[in-house]
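Summary of structural features
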Protein chains: 2
Amino acid sequence: MELSELATGAGSTILLVVIDGLGGFADADDASELEEARTPNLDRLAAEGSTGLLEPVGAGITPGSGPGHLALFGYDPLEFRLGRGALSAAGLGVTLEPGDVAARGNLSTLDDRGVVLDRRAGRIGEAEAARVVEKLRREVRVDGVDVRFHHERGHRILVVFHGEGLDPAVSDTDPQTTGEPPREPRAATPSASRTAEVVARTMAEVRRVLADEPAANGLLLRGFDSHRELPSFRDRTGMRAAAVAVYPMYRGIARLLGFEVLGDPLDLGDQAELLEKHRGDADFVFVHHKDADAAGEDGDRGAKVAAIERVDAAIPDLVAAAEPGVVAVTGDHATPSQLAAHSWHPVPVLVHGAKVGRDDADRFGERWCRTGALGLRPSRELLPILMAGAGRLAKFGA
Amino acid sequence: MELSELATGAGSTILLVVIDGLGGFADADDASELEEARTPNLDRLAAEGSTGLLEPVGAGITPGSGPGHLALFGYDPLEFRLGRGALSAAGLGVTLEPGDVAARGNLSTLDDRGVVLDRRAGRIGEAEAARVVEKLRREVRVDGVDVRFHHERGHRILVVFHGEGLDPAVSDTDPQTTGEPPREPRAATPSASRTAEVVARTMAEVRRVLADEPAANGLLLRGFDSHRELPSFRDRTGMRAAAVAVYPMYRGIARLLGFEVLGDPLDLGDQAELLEKHRGDADFVFVHHKDADAAGEDGDRGAKVAAIERVDAAIPDLVAAAEPGVVAVTGDHATPSQLAAHSWHPVPVLVHGAKVGRDDADRFGERWCRTGALGLRPSRELLPILMAGAGRLAKFGA
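Attention here is on the structure that accompanies the text. (Residues numbered from 1 in each chain as written. Chains lettered and ligands numbered in written order. Predicted model: local features only at pLDDT ≥ 70, side-chain atom pairs only at ≥ 80, totals over all residues. Heavy atoms only, no water.)

The next subject is the overall build of chain A. Scanning chain A from N- to C-terminus turns up 13 helices and 13 strands. Compactness check: chain A gives a C-alpha radius of gyration of 21 Å against a globular reference of 21 Å for 398 residues, within 12% of the reference. By its C-alpha atoms, chain A is 60 × 50 × 40 Å across when sized along the principal axes. Every one of the 398 residues in chain A was classed for burial, and the buried ones make up 58%. Across chain A, every contact between residues at least 6 apart in sequence was considered, and the portion connecting residues at least 24 apart equals 76%. Counting every atom, chain A has about 15,100 Å² of accessible surface; 47% of that belongs to carbon and sulfur. Each charge sign in chain A was given a centre, from 45 positive and 62 negative side chains, and these centres are 1 Å apart. (Helix = DSSP H or I, 4+ residues; strand = E, 2+ residues; numbered from the N terminus. Rg over C-alpha atoms; globule rule 2.2 N^0.38 Å. Buried < 20%, exposed > 50% of the residue type's maximum accessible area, 1.4 Å probe, protein only. Contact = heavy atoms within 4.5 Å. Areas by Shrake-Rupley, 256 points an atom, 1.4 Å probe, with all protein chains shown as cover. Lys, Arg positive; Asp, Glu negative; His and termini not counted. Charge placed at Lys NZ, Arg CZ, Asp CG, Glu CD.)

This paragraph deals with the sheet that holds strand β9 (residues 260-261) of chain A. Residue and element names in this part refer to chain A. The strand order across the open sheet built from eight strands is β9-β8-β10-β1-β11-β12-β2-β13, with neighbouring strands paired in mixed fashion. Lying at the two open borders of the sheet, with one neighbouring strand each, are β9 and β13 (375-378). Relative to β13, strand β2 (residues 50-55) runs parallel, the two being bridged by four bridges. Residue pairing in the sheet places E55 in a bridge with P378 of β13. Those strands touched by helix α3 (residues 65-72) are β1 (14-19), β2, β10 (284-289) and β11 (326-330), and its axis lies near 155 degrees from that of β1. (Pairing = 2+ DSSP bridges. Axes fitted to C-alpha atoms, helices over the stretch in contact; angles between N-to-C directions.)

Further remarks concern the sheet that holds strand β11 (residues 326-330) of chain B. Residues and elements named next belong to chain B. Taken in spatial order, the eight strands line up as β9-β8-β10-β1-β11-β12-β2-β13 in an open sheet, and their pairing is mixed. Lying at the two open borders of the sheet, with one neighbouring strand each, are β9 (260-261) and β13 (375-378). Pairing of strand β8 (residues 241-245) with strand β10 (residues 284-289), which is carried by five bridges, proceeds in the parallel orientation. Each residue of the ladder has a partner; that of A245, found in β10, is H288. Together, β2 (50-55), β11 and β12 (347-353) form the strand contacts of helix α2 (residues 40-48), whose direction differs from that of β12 by roughly 70 degrees. Running over the sheet, helix α9 (residues 268-277) touches β1 (14-19), β8 and β10 and is turned about 170 degrees from β10.

The next thing to look at is the pattern of salt bridges. Applying the stated criterion across every chain yields a total of 58 salt bridges over all chains. Residues D291 of chain A and R310 of chain A are paired through a salt bridge, measuring 2.8 Å at the closest nitrogen-oxygen approach. Of the two residues, D291 of chain A sits in helix α10 (residues 291-297) while R310 of chain A sits in helix α11 (residues 301-322), which places them 19 residues apart along the sequence. For D291 of chain A, a relative accessible area of 27% translates into the label partly exposed. E33 of chain B is paired through a salt bridge with K304 of chain B; the nearest N and O atoms lie 3.3 Å apart. Highlighted residues: E33 of chain B in helix α1 (residues 33-36) and K304 of chain B in helix α11 (residues 301-322), separated in sequence by 271 residues. We classify E33 of chain B as buried; its relative accessible area is 0%. For K304 of chain B, a relative accessible area of 0% corresponds to the buried category. (Salt bridge = Lys/Arg side-chain N within 4 Å of Asp/Glu carboxyl O.)

Least-squares fitting of chain B to chain A yields an RMSD of 0.4 Å, with the transformation described by 0.2 Å of translation along the axis and a rotation of 123 degrees. When the rotation and shift are considered jointly, the pair of chain copies conforms to a three-fold rotation axis. Among all residues of chain B, the minimum C-alpha distance to the rotation axis is found for T371 of chain B, at 3.4 Å. Little of the interface of chain B is mirrored in chain A, where only 3% of its interface residues are also at the interface. (Least-squares fit on C-alpha atoms with pLDDT ≥ 70 in both.)

Residue and element names in this part refer to chain A. Contact geometry of helix α5 (residues 126-139) with helix α6 (residues 193-209) gives a least axis separation of 10 Å together with a crossing angle of 120 degrees. When the axes of α5 and α6 are compared, the pair comes out oblique. At the point where α5 passes α6, the crossing takes the right-handed sense. Within the contact between the two elements, α5 uses K135, L136 and E139 and α6 uses E205, V206, R208 and V209. Looking at the contact of α5 with α6, its residues break down into three nonpolar, no polar and four charged. (Parallel < 35°, antiparallel > 145°, perpendicular 65-115°, else oblique. Left-handed = near helix turned anticlockwise from the far one by under 90°. Nonpolar A, V, L, I, M, F, W, Y, C, P; charged D, E, K, R; others polar.)

Each partner contributes to the interface: chain B provides 31 residues, whereas chain A provides 27 residues. Buried area between chain B and chain A, both sides added, is near 2,100 Å², and the carbon and sulfur share of it is 61%. It is A59, W344 and R370 of chain B in chain B that bury the most area against chain A; as a group they hold 24% of the surface buried on that side. At the junction of chain B and chain A, the tally comes to three salt bridges. The partner of R367 of chain B in a salt bridge is D360 of chain A, and the shortest N-O contact between them spans 3.0 Å. Elements that contribute at least two residues to the side of chain B that touches chain A include exactly α3 (65-72) and α4 (84-92) of chain B. Per element, the largest residue contribution to the side of chain B that touches chain A is three residues, and it comes from α3 of chain B. Classifying every residue of the side of chain B that touches chain A gives 16 nonpolar, nine polar and six charged. (Buried area = accessible area lost by both parts, 1.4 Å probe.)

With that settled, consider the environment of E139 of chain B. All names here are of chain B. Within the secondary structure layout, E139 lies in helix α5 (residues 126-139). Between the alpha carbons of E139 and R228 there is a distance of 30 Å; along the sequence they are 89 residues apart. Apart from residues lying up to four places away in sequence, E139 is in contact with E205, R208 and V209.

What follows is the structure, given as structure tokens:
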């Protein structure tokens, strides 16, 4: 059954706050980051509402940002697949044309032997990165294909290959670790062999152009993807949706689903202001916060705890600005600082609203959510629960 | 895998007590109705047995009575769909012929402008309602179709349209609220357009015939449906099943699945007597109790608590009468009195039997069931658990 069969198109507003990489785990030494964080505002919502744990894709499956978010928006991430390139393009407002292949790129630092020293070029500054991208744009030339470089933010860039006969079935050149050279791009299918060659020639050309750069002398590519249509969120749910996100990729995901992307916020304060300014314009409002994930990926436990506490401090303003009937707070996946990477661990969730009910959890965190009223369930089941709490789903059957 | 592949056709008797609308939720002010109710007998079964929570159809989905019960009998409610008309017909023992279209009807009160004042005609009495239905039967005439009126109980009636070329794809005329006029019946498919016209003419004719009635001067129709075959419970499970239900619709569901419907009980006392009289005749006995749902739908918290306590008081007699190997108590869906309607919230369940095992829950209610041994699972998974507990399922695989 499709949710659209039951969606009434009326009801209260839903506010979904996604703390990227929220989930973690306790071990012999420590509680999870969320368990440790002082979060009086989230604790209050948890105490008054219902809690549980969400599994984004499946048991033991570590999700990327795309599937993690698609699941929270009610799309089965195994049915609807998205490459990071297509996400980044949408986030930057770059329209992929049919036939284009896009990839996510990291400006990075390589040593003399071509081994990756830093996957993020020393967290290169905005102006410096923009200068490097401009240099690539001016000087990189590859026969038979038009290679377009777009600066996203910091070390992150988007590369779009425009030409005839391209195929996105090419493996990542990003080794996802330091101490190794970039990988050779390989074609997963025969029809992608020319594209793999084009990517290899582009990589060589980039090395030549950036040879003298002190920090950003390398480029790592991942998530090759082409243009793809997704069924719109509005058609599936009857809700007008809006996104308030600092980072382009998350706006991109939202834009691919037909969300309106609001403003160009730089922090949680801006995000609350945008919510207030656009109050009532959308039925479903998605607020994205990145820092917890970035800190988790750095293996920086303290920074992840601090990022969660910053979101907690902003919660009253976000809620006051949106005036929602239902508030939900969760993550798109876990990023435990012990692993310094995304992981498969279930992600805590809280849902607060007059019709939702409350359980015995009086704090927000893995150990309290485990016995919550929402149970342990796939992330894609969150959206119908939010819609039910907002009075947006009709009864099924007589 | 079909359950029938493993069903042995032998084992102990299963008693399933369905407290209609049992589930609820705690909020800032109150515990759930079941948590509040004094239920020493249910608590003892919970303490000695296993508990959990059941989700009838899916996350966030509010079930009607049909899907709620089908799920408890092991039928996936998304695969097997039933209209209320067909359910009511089966409950009344009215055989729908192929081509007939049936709808559930409410005698109701309209004001001078045709706006619904009371969807239940002031909870009209039995004799009065029977008189009105007899009047409809005698006086309503619609060209080209034979309209048959059957009194169900109170304000509830069944209307069967018998004729050529009828199609049940017609929208409800019941607005499900007061303060609005009945809706125009609309055809969802072109093939139902004649049926929609027939229904509209019937509605006009009913208005004419009932114009002078003080309370029941209107009729609201919903759940248009036609004859449909369901695979029998016995074929699927190897069990002879019996139903002991006061309300016709629940007998109807049972009859559609091939249950034997026992007697014509008026209350829990009659139901216990019937169980005793027919002890050993069935392998699976379904006892249905309606009052908790009716009270929940009225938003009457106290009445729902009292209804649950009445079932609790009857539990020793029901168990003694049936002498089952396995007892289960649950609901077909939640009907929280805070919402005065069915809802999507998971429903507590307890299962008691020598092979079932016990968990730490020592009371019966949402908050204790949340950490029970059965977990949170789809309602359709209850039946195999009951069959296993009754020794009725063979090992799967060598």
